[in-house]
Amino acid sequence: MLSGKRILDLSWVLGGTFAGQLLAQLGAEVIKVEALDGDYARRVPPLLDSGESPFFLSVNRGKQSIALDLKSPEGKQALNDLVRESDAVIYGFAPSVPQRLGLDFETLSQINPRIVVGQIIGLHDKDEWADAPAFDLMLQAMSGVMSITGEEGGKPVRVGYQAADLVGGLYLALGTAAALAKALATGKGEQVQISLLDAQLAMLTWQAQGWLSGGPLPKATGARHAMIAPSDTYLAKDGKWLALAPTGEPFWIKLCETMGRADLPQDPRFATGAARIQNIDALTQELSDAIGTRSSTEWLALFKQARVPAAVVQNVEEALSHPLTAARDMVQDVARTDSQETVRMLGNPFKFSGMPDLPFPPPFAQDTVDVLQRVAGYSSDRIEALQRAGAIRVRQSVSV
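Bear in mind that the values here come from a model prediction, so they are computed numbers and not experimental data.

Q: Help me understand the sheet that holds strand 7 (residues 232-235) in this model?
A: For sheets, the rule is that strands pair by backbone hydrogen bonds, running either parallel or antiparallel. The three strands are arranged 7-8-9 in an open sheet whose pairing can be described as antiparallel. Of all strands in the sheet, those bounded by a partner on one side alone are strand 7 and strand 9 (310-312). Adjacent strand axes in the sheet meet at a mean angle of 30° when their direction is disregarded. Of the strand pairs in this sheet, strand 8 (residues 241-244) and strand 9 are connected by three bridges, and their pairing is antiparallel. Bridged to Ala243 within strand 9 is Ala311. The strands that helix 12 (residues 280-291) touches are strand 7 and strand 8; relative to strand 7, the one it contacts most, it runs at about 45°.

Encoded structure:
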């Protein structure tokens, strides 16, 4: 766990902020440093009756919020004073921005030699790619991900969530945690750079390696696995889709027996994994005909008893309402910090013994005073001077 580590999260919108939340979920103290008008994600619609954006809430749980003007000398000095007392800084600026703002690794390491700097960029930090816009859809398109997503021969389809941004955040959190371990061992900081394009290419794993090794060009196959058969979705009698993944001969044989088609493994077209791939259309027809004879509920009961790998394709509501989701504490009622109300939110996927629940995402600039006093050692008079200079923002309900 990262208990005792302090991380300044200067990122905004999604990828970097997701990394910051992951680091908080791993036990770090994460201080979200926002511009004077706040993270744009706070205004992404649709907004709740409280005025908050679910988009913002989804990736900022467990953080503190301070607001600094990093373009002002006073705001920049305040950040430097926080860097001196922190372990890592993460951000998602365009490659040319950190040096201009004095946030590059070389500058920050002069303030704190053990500081870790984690940066997300879109494409590359040099040449014509350095300042090119790079949004999630573009990255899924450029990386080849969309070419292997969707139905065969159909229109290219993006992954249903922001795969490029979120995977980039995962890599940034992992890289930052690794750099923190190095800094702990050596006393020297480290720079970590994650390109969102690199991260998407890395996630191609076996598809990319197959092509690099001389294999065929990967293509979209819908829910069907390109190398394993059967592994696909089939429509049950009640209109629900069943996902079947009987990987390996024992599971394949058990599936056929459970469906009342013990003859299929004896058919030369389906006797081996390679044969099933070669005859995938015929296999799909046989399994579709069989699954169509019963409801999804009936099939799930039979498959559960026989230990056949199967699941119903659920929508988001069904997934979040599933008993297993509750058993894993992946939906929680989280108390707001400014009222007695609770909000249902996703839980922590990291399960550590004794790990406390993360608090509600912070109201804008809620912690400016506390952080500057507690971490940087600022007096109330100095904080008031920063307010008068317009270098910081303080939440109205907080008095200095």
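Now that the structure is up, let's keep going.
Q: Is there a simple way to think about the sheet that holds strand 12 (residues 392-393) in this case?
A: If you walk across this open sheet you meet the seven strands as 6-5-4-1-2-3-12, and the pairing is mixed. Each edge of the sheet is formed by a strand with only one pairing partner; in this case those strands are strand 6 (190-195) and strand 12.

Q: Explain the nonpolar core here, please?
A: Most often, soluble globular proteins have nonpolar side chains that are buried together. Membership of the largest hydrophobic core comes to 32 residues, with the highest contact counts inside it found for Leu8, Leu10, Leu68 and Leu79. Elements that contribute at least two residues to this core include exactly strand 2 (29-34), strand 3 (63-68), helix 3 (73-84), strand 4 (88-91), helix 4 (97-101), helix 5 (105-111), helix 16 (368-374) and helix 17 (380-388). Considering every element that reaches this core, the biggest residue donor is helix 3, with four residues. Sequence-distant contacts of Leu68, that is, excluding residues within four places in its chain, are made with Val33, Glu34, Ala35, Leu36, Gly75, Ala78, Leu79, Leu82, Ala391 and Ile392. Core analysis: the second largest hydrophobic core is formed by 31 residues, Leu2, Leu14, Leu22 and Val30 among them.

Q: Whenever I open this one, the pattern of salt bridges confuses me. Can you help?
A: Pairs may arise between side chains of opposite charge once their charged atoms sit close together. The final tally for this structure, using the stated rule, is 22 salt bridges. In this structure, Arg382 and Asp81 form a salt bridge, with 3.7 Å as the shortest nitrogen-oxygen distance. Of the two residues, Arg382 is situated in helix 17 and Asp81 in helix 3; the sequence distance between them amounts to 301 residues. Taking the relative accessible area as the measure of exposure, Asp81 reaches 12% and is therefore buried.

Q: Got a minute to help me understand the pairing of strand 7 in this structure?
A: Walk down a regular strand and you will see the side chains alternate between the two sheet faces. Where burial is concerned, the two faces of strand 7 differ: the one with Asp232 and Tyr234 is buried and the one with Thr233 and Leu235 is not. Here strand 7 runs beside strand 8; their pairing, made up of four bridges, is antiparallel. The residue of strand 8 that forms the bridge with Leu235 is Trp241. Turn length for the strand 7-strand 8 hairpin, with the two strands adjacent in sequence and antiparallel, is five residues, and the turn residue Gly239 shows positive phi of about 85°.

Q: Is there a simple way to think about the packing of aromatic side chains in this case?
A: Each aromatic ring pair is described using two quantities: the centre-to-centre distance and the angle formed by the ring planes. Throughout the structure, instances matching the rule amount to two aromatic pairs. Taking the centre distance of 5.3 Å and the plane angle of 15° together, the rings of Trp299 and Phe303 count as stacked. Here Trp299 pairs with Phe303, and both are found in helix 13 (residues 296-306), just four residues apart, close to one helical turn. This pair shows no difference in class: Trp299 is buried, exactly as Phe303 is. Over the aromatic face of Trp299 sits the side chain of Arg294, whose NZ or CZ is 5.5 Å from the ring centroid.

What counts, and where the lines are drawn
Counting from 1, residues in each chain are numbered in the order their sequence is written. Where local features are concerned, this predicted model is filtered to residues with pLDDT of at least 70; where side-chain atom pairs are given and counted, the filter is 80 or more; whole-chain, interface and lining totals use all residues. Only hydrogens and water are removed before side-chain values are computed, so all heavy atoms of the structure are retained for them. When DSSP finds two or more bridges between a pair of strands, those strands are recorded as paired. Counting from the N terminus, the helices are DSSP H or I runs at least four residues long and the strands are E runs at least two residues long. Every axis in this analysis is a line fitted to C-alpha atoms, fitted for helices over the stretch in contact. Angles between the N-to-C directions lie between 0 and 180 degrees. Only heavy atoms enter the contact rule, under which two residues are in contact if any of them lie within 4.5 Å. Side-chain atoms within 4.5 Å link the members of a nonpolar core, which is a set of buried Ala, Val, Leu, Ile, Met, Phe, Trp, Tyr and Cys residues. Any residue under 20% of the maximum accessible area for its type is buried, any over 50% is exposed, and the rest in between are partly exposed; the area is computed with a 1.4 Å probe on protein chains only. Here, a salt bridge means any Lys or Arg side-chain nitrogen found within 4 Å of an Asp or Glu carboxyl oxygen. Aromatic pairs are defined between Phe, Tyr and Trp rings, using the six-membered ring for Trp, whenever the two ring centres lie within 6.5 Å; interplanar angles under 30 degrees are classed as stacked, those over 60 as edge-to-face, and all others as tilted. Only when the NZ of Lys or the CZ of Arg is both within 6 Å of the ring centre and within 35 degrees of the ring normal is a charge said to sit over the ring.

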